Amino acid sequence: MSAQPVIPDYGDPSACVARDATFCTDWFGDHWWNLFWPALVQHLELTLIAVVAGFVLAVVAAVLCHHKSWLAAPVSGVTSFLYTVPPLALFQLLVPVTGFSVLTVETALVLYSLYLLFTTILTGLREVPEDAVRAARGMGLTRWQILTKVELRLAVPSLISGLRVTTVMTIGIVAIAAYVVDQGLGSLILKALQSPFNTQFIGAGALAVALALAADGVLVLAGRLLTPWARTRRAA
Amino acid sequence: MDTFLGSFTFMGDQLPLLLEKTGQHIWMCVIVVAVSLAVAVPLGLWLGHLHKGEFLTTSISNIGRALPNLAVIAIGLGIFGLNFTNIAVALLITAIPPILSQTYLAVDQVDPDLVRSARGMGLTPAQVLLKVELPLALPLLFSGVRIAVVYVISSATLATVAGGGGLGDIVLGQATYGLEGVIAAALWVAVLALAADGALALLQRVLVPKGLRTAGR
Amino acid sequence: MTQAGPETPAGAQDIVFDHVVKTYPNATVPAVDDLSLTVPAGEICVLLGPSGSGKTTALMMVNRLAEITGGDIRIGGRSILDLDPIRLRRSIGYVIQQTGLFPHLTIAENVATVPKVLGWDKKRLRERVGELLELVGLPAGEYGRRYPAQLSGGQRQRVGIARALAADPPVMLMDEPFGALDPITREHVQDEFLALHARIRKTVIFVSHDIDEAVKMGDRIAIFREGGKLAQYDTPRTLLKEPADAFVARFVGADRGLKRLTLTRLADLADAGALTPARDADAALPQLAADASLRSALSLMVAEGTDAVRVTEPRGPADGSDGTGPVLGVASLDAVRKAGAA
């Protein structure tokens, strides 16, 4: 990426581009469909795969640790270790193993996401009122029924808060993943950083911020819809 | 595997370079964390003591999390240009929210009965804050600081994008240092983050009152 | 007080503890030690004792939340050990102190929990929920769609009872069900439950640590001492009159004579012909409705400094505090004392 033209050659420069203004709305609009939109979709895809995979793993791990509490300390130790390793370093350390590939990116993202998801889900399960579980057992619900109908349902607020942090964080890290694979909004930023032409990296950066805020909002909304009982608490 | 072995050779050969970059890295992080502590801890303590500003602190923390570092640096390049201000702003946006929100929460959640009994014993508001609320808030406050420090060490790797130096110069400098160099520096950053987290965990043990240790895990 | 009907109620089954022992793993002494007692069908049996006396363990063994380590428990003649624990639990109503209502489900959904897992169809489910909520005084139309957090403590406890009754179990287990309620609400819910029990006639095992509650609710009371040993198993009246040993005497309290007075009403005195006819001179005496207990009568005499009360026909809300009906006669201190000693 060293020998880039001063202004990326995406066609005839408009007046704004020729002036080299801080942000050229017309250029941004002109390149929305061929540049920004595909990168946004890629960004979202990379994020979704990682968050969904991490969520499934974390739920399984948290449920296991909830029932076998001696497992919680080692699992928490390993995931917090992974969480402490800077994601950029994690990417680079995986490159010799899985190469410059989407697999590398997703593996690192999933490993990185586990800690927050695992701890929030486990906390959620542990905060389920003991009497509700005891009543459920006493009424003859099976362990599976107690898990799916009582414990996981009551842990939804925790699941959502874990998903919010993780999703927003993953969107941020996917931007850095562009150092490993040429995908997502991060790659637009990196390609344009060396040039003095600002519109591309400012636009992509702003889109990444917008995506994170939108994802957070969607999850907040999903949380509200999934926990109708929580809304009534204050009214009671 | 060869790459990993090669990275250790790199560490041996290029030790002065690595140490220099590590020094820059740590220096950058220390400045940012110090400024964040100076801003966020008093503000969090004060707001928590008054039990006001929950909306403010949670919003700041949510927005801070939602801003991808690279995006902030990219946008900052447009605004501040290629200099340390840009990096400092990006790193402060990373560090302040967790410290502020955890400090606030830590003080806000102190058992109101304890505060009431402290006031009932005739302690002044400042004494209540320093002798009761702050010690009780330490475990949670520390968890916020640990999160912030790890984030900053991690994010400082991106400083190179804006010409800020640090280990990121090597981690993101494959063209210059080769994959071995990249791996070596990545390992160093990881070790640095883990070591800083471990050191803070130790400090937390020393500073947190004995009676709270089981609660402050 | 409820009087057990002469004939065995149709739905209820007796519960027999047969030399039951429970020793928890890693414990040296048993939590329940050689417990043998029979709860007749349709009666309320209160398990009473200090904490750590094994009463809750004894209860939890019935629905196998705690597995017995010796002896046997039979419900309606069948050993609980022959049944799958899940199926057993679905056939037993279970009410606990904190209600254990599921906060994420509506009142109607909470009540429908067991019938739902039993696979009832929607129509039958809805009818049953409506019927039960009506039974506990929380009409489904008004309360069915609310969440537990929107109800008061007493209302939640009533929902807990409705939920326990959902699959029409012959047996109910209640673990300090009213323990978390304030005294006034508790009194109220106790009365309601007794009225409800008079209609549904389930066999109930009820854990309590409160002697007054036990005397009020129990057809029989089993008093436990530390180490999970049964100290005495009797009707409240016998228990208060003839405590088996010093431990029971201490547990029921030095005021057991007063407590016994709560078991008899002024109406019982009238039925026994122990009231004297009211004279004009008695017009100044304090008066009390006939459904009040002898204890209330005694209390009133002490408070007013008299040695008799006028007894009136009960009228209006039967709270026994105010008599406004025609005068039945006069109850003297002496008559009260004699009735209490009987």
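Residues numbered from 1 in each chain as written. Chains lettered and ligands numbered in written order. Predicted model: local features only at pLDDT ≥ 70, side-chain atom pairs only at ≥ 80, totals over all residues. Heavy atoms only, no water.

Draft legend 1. The UniProt feature "domain: ABC transmembrane type-1" (unreviewed entry) in chain A, seen in detail. Following the UniProt record, the feature "domain: ABC transmembrane type-1" (unreviewed entry) maps to residues 40–222 of chain A here. Span residues 40–222 of chain A is 84% helix and 0% strand, its end C-alpha atoms 22 Å apart. (UniProt positions renumbered as here; feature names shortened; annotations may be inferred. Helix = DSSP H or I, 4+ residues; strand = E, 2+ residues; numbered from the N terminus.)

Draft legend 2. Inspection of empty space enclosed by the protein at higher detail. Applying the stated criterion across every chain, the model contains one cavity of 30 Å³ or more. Each pocket or cavity is described by its volume, and for the largest cavity that value is around 70 Å³. Forming the boundary of the largest cavity are M139(A), R89(C), R90(C), I92(C), G93(C), Y94(C), V114(C), R163(C), A164(C), A166(C), A167(C) and P169(C). At the level of secondary structure, the elements contributing two or more residues to the lining of the largest cavity comprise α2 (85–90), β6 (92–96) and α7 (153–164) of chain C. Grouping the constituent residues of the lining of the largest cavity by class yields eight nonpolar, one polar and three charged. (1 Å grid on protein atoms, 1.4 Å probe; cavity = no way out; pocket = protein on both sides within 12 Å on 5 of 7 lines; lining within 4 Å. Points joined across faces, edges and corners; volume = space filled by probe spheres on them. Nonpolar A, V, L, I, M, F, W, Y, C, P; charged D, E, K, R; others polar.)

Draft legend 3. The arrangement of the packing of aromatic side chains in detail. With the rule as written, the count across this model stands at 12 aromatic pairs over all chains. Of the aromatic side chains, those joined through ring pairs into one cluster are F28(A), W32(A), W33(A), F36(A) and W37(A). The aromatic ring of W120(C) is capped on one face by R124(C), whose charged end is 3.7 Å from the ring centroid. Positioned over the ring face of F102(C) is R163(C), at 4.7 Å from the centre of the ring. (Phe/Tyr/Trp six-rings, centres within 6.5 Å; stacked < 30°, edge-to-face > 60°. Lys NZ or Arg CZ within 6 Å of the ring centre and 35° of its normal.)

Draft legend 4. Local environment of the UniProt feature "transmembrane region" (unreviewed entry) in chain A. All names here are of chain A. Per the UniProt record, "transmembrane region" (unreviewed entry) is found at residues 46–64, 71–91, 97–118, 162–181 and 201–226. With 86% helix and 0% strand, residues 71–91 has its two end C-alpha atoms placed 28 Å apart. Annotated as residues 97–118, this span is 86% helix and 0% strand, and its ends, taken at the C-alpha atoms, are 26 Å apart.

Draft legend 5. Spotlight on the confidence of the model for chain A. Per-residue confidence for chain A gives a mean pLDDT of 86, with 92% of residues at or over 70. Note that pLDDT drops below 50 for residues 1–5 of chain A; the model gives that stretch three contacts with residues more than four away or on any other chain. (pLDDT = per-residue confidence, 0-100. Contact = heavy atoms within 4.5 Å.)

Draft legend 6. Focus on the sheet that holds strand β1 (residues 15–22) of chain C. All names here are of chain C. The strand order across the open sheet built from four strands is β2-β1-β4-β5, with neighbouring strands paired in antiparallel fashion. The open sheet has two edge strands, β2 (32–39) and β5 (78–79), and neither has a second partner. Relative to strand β4 (residues 70–75), β1 runs antiparallel, the two being bridged by five bridges. When the bridges of β4 are listed, V16 appears paired with R74. Sheet strands touched by helix α1 (residues 55–62): β1, β2 and β4. Its angle to β1, the strand with the most contacts, is close to 120°. (Pairing = 2+ DSSP bridges. Axes fitted to C-alpha atoms, helices over the stretch in contact; angles between N-to-C directions.)

Draft legend 7. Inspection of the UniProt feature "transmembrane region" (unreviewed entry) in chain B at higher detail. Residues and elements named next belong to chain B. Annotation from UniProt places "transmembrane region" (unreviewed entry) at residues 25–48, 69–100, 120–142, 149–170 and 182–203. Taken end to end, residues 25–48 comprises 100% helix and 0% strand; its first and last C-alpha atoms sit 33 Å apart. Along residues 120–142 the backbone is 83% helical and 0% strand, and the end-to-end C-alpha distance reaches 29 Å.

Draft legend 8. Looking closely at the interface of chain C and chain A. Tallying the contact residues gives 25 residues for chain C and 21 residues for chain A. For the pair chain C and chain A, the summed buried surface comes to about 2,100 Å²; carbon and sulfur atoms form 65% of the total. Across the contact surface, chain C and chain A share one salt bridge. Residues D175(C) and R134(A) are paired through a salt bridge, measuring 2.4 Å at the closest nitrogen-oxygen approach. Here chain C is connected to chain A by six residue pairs in polar contact (both at pLDDT 80 or more). Put simply, the parts of the chain that give the side of chain C that touches chain A at least two residues each are α1, α2, β6 and α4 (113–117) of chain C. Considered class by class, the residues forming the side of chain C that touches chain A number 13 nonpolar, eight polar and four charged. (Buried area = accessible area lost by both parts, 1.4 Å probe. Salt bridge = Lys/Arg side-chain N within 4 Å of Asp/Glu carboxyl O. Polar contact = N/O pair within 3.5 Å; in protein donor to acceptor, adjacent residues only side chain to side chain.)

Draft legend 9. Spotlight on the sheet that holds strand β13 (residues 327–332) of chain C. Residue and element names in this part refer to chain C. What the three strands build is an open sheet, ordered β11-β12-β13; its pairing is mixed. Where the open sheet ends on each side, the last strands, each with one partner, are β11 (287–289) and β13. Within this sheet the neighbouring strands show an average axis-to-axis angle of 35°, counted without direction. Pairing analysis gives three bridges linking β11 to strand β12 (residues 308–312), with the strands arranged parallel.

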